[in-house]
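Architecture at a glance
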Amino acid sequence: MSTIAATKSKTYDMVYIAIFAVLMAVCSWISIPTTVPFTLQTFGVFIAVGILGGKRGTLAVLVYILLGAVGVPVFAGFQGGIGAIAGTTGGYIVGFLFSALVMWAIEKLFGRKPAVQIISMVVGLAVCYAFGTVWFMVVYGRTVGAVGLGAVLGWCVIPFIIPDLIKIALAFGLSRKLRQYVA
């Protein structure tokens, strides 16, 4: 590959990563406020990895989280800053990165076949739920008081399962159609 082609490829990578980081921000602003807000953030994560692949999709998620960490209001409710990440729902935000990493690992091990992609999204979602739930319990326990796993699952996971599975289905379908247009 020539130097010009390599530079062009890296430029395209940076542009795609930035576009999908912005897409995740827009998805987070579409929000129904609850204990853990209903947003389209997970859809943004799934579509980023689904279209861009594991490496670039994971980098897009990382850029999104870093933008929020430095104070850009990219999270649900137009929030940003370390306080948003350090709060009770911050573990789900950090969990997006673990979801993307798991999806990337599964892609590296098993390829991008349709069944593998769906399984990677479901496993990635489970990892996000697990990380976010533990984080929620720790932060809630320190700031409000002890809370049981059943209560946290009832607030933070169970109401989201069906909407998140629908987001996976939509992200999978769209990523299969749109992937061909992304270099």
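What this report covers is the structure whose coordinates are included nearby.

Concerning the overall build of the protein chain
When its secondary structure is counted, the protein chain shows 8 helices and 2 strands. Taking 2.2 N^0.38 as the reference for a compact globule, 183 residues should give roughly 16 Å; the C-alpha atoms of the protein chain span a radius of gyration of 17 Å, in line with that estimate. Projected onto its principal axes, the C-alpha positions of the protein chain cover 60 × 35 × 25 Å. Expressed as a percentage of its 183 residues, the buried residues of the protein chain come to 42%. Restricting the contact set of the protein chain to residue pairs at least 6 apart, pairs at least 24 apart contribute 69%. With the model as given, the accessible surface of the protein chain reaches about 9200 Å², and the carbon-plus-sulfur share is 76%.

Focus: the pattern of salt bridges
Per the stated rule, a full pass over the model turns up 3 salt bridges. A salt bridge links D13 to R56; its shortest N-O distance comes to 3.0 Å. You can see D13 sitting in helix α1 (residues 3–29) and its partner R56 sitting in helix α3 (residues 54–69), a full 43 residues away along the chain. Take D13: its relative accessible area is 25%, and that puts it in the partly exposed class. Exposure remark for R56: the relative accessible area of 14% places this residue in the buried category. For R112, the salt bridge is made with E107, and the minimal N-O distance between the two is 3.6 Å.

Structural notes on the packing of helix α2 (residues 41–52) against helix α5 (residues 90–110)
In a packed pair of helices, the relevant descriptors are the angle between the two axes and the axis-to-axis distance. Running from amino to carboxyl end, α2 crosses α5 at an angle of 30°, the nearest separation of the two axes being 10 Å. With respect to each other, α2 and α5 are oriented roughly parallel. Handedness of the crossing formed by α2 with α5: right-handed. Listed contacts from α5 to Q41, T42, V45, F46 and V49 of α2 are F96, S99, A100 and M103. Broken down by class, the residue content of the contact of α2 with α5 amounts to 6 nonpolar, 3 polar and no charged.

A word on the nonpolar core
Core analysis: the biggest nonpolar cluster contains 47 residues, and V61 and Y64 have the highest contact counts within it. Within the residue set of this core, elements represented by two or more residues are α1, α2, α3, α4 (82–86), α5, α6 (114–143), α7 (149–156) and α8 (161–178). It is α2 that contributes the most residues to this core, 8 residues altogether. When near neighbours in sequence (up to four residues on either side) are disregarded, V61 contacts M24, V45, F96, L97 and A100.

A short note on unusual backbone geometry
With a phi close to 55°, F78 is a non-glycine residue in the positive phi region. Relative to the elements of secondary structure, F78 occurs in the loop between α3 and α4. We classify F78 as exposed; its relative accessible area is 53%.

Some details on the packing of aromatic side chains
A complete count under the given rule lists 9 aromatic pairs for this structure. Note on F131 and W135: the rings are 5.7 Å apart at their centroids and 50° apart in plane angle, and the pair reads as tilted. On the criterion of helical spacing, the pair formed by F131 and W135 is a turn pair, its members being 4 residues apart in helix α6. Exposure remark for F131: the relative accessible area of 29% places this residue in the partly exposed category.

Calculation criteria
- Residues numbered from 1 in each chain as written.
- Predicted model: local features only at pLDDT ≥ 70, side-chain atom pairs only at ≥ 80, totals over all residues.
- Heavy atoms only, no water.
- Helix = DSSP H or I, 4+ residues; strand = E, 2+ residues; numbered from the N terminus.
- Rg over C-alpha atoms; globule rule 2.2 N^0.38 Å.
- Buried < 20%, exposed > 50% of the residue type's maximum accessible area, 1.4 Å probe, protein only.
- Contact = heavy atoms within 4.5 Å.
- Areas by Shrake-Rupley, 256 points an atom, 1.4 Å probe, with all protein chains shown as cover.
- Salt bridge = Lys/Arg side-chain N within 4 Å of Asp/Glu carboxyl O.
- Axes fitted to C-alpha atoms, helices over the stretch in contact; angles between N-to-C directions.
- Parallel < 35°, antiparallel > 145°, perpendicular 65-115°, else oblique.
- Left-handed = near helix turned anticlockwise from the far one by under 90°.
- Nonpolar A, V, L, I, M, F, W, Y, C, P; charged D, E, K, R; others polar.
- Core = buried A, V, L, I, M, F, W, Y, C linked by side-chain atoms within 4.5 Å.
- Phe/Tyr/Trp six-rings, centres within 6.5 Å; stacked < 30°, edge-to-face > 60°.

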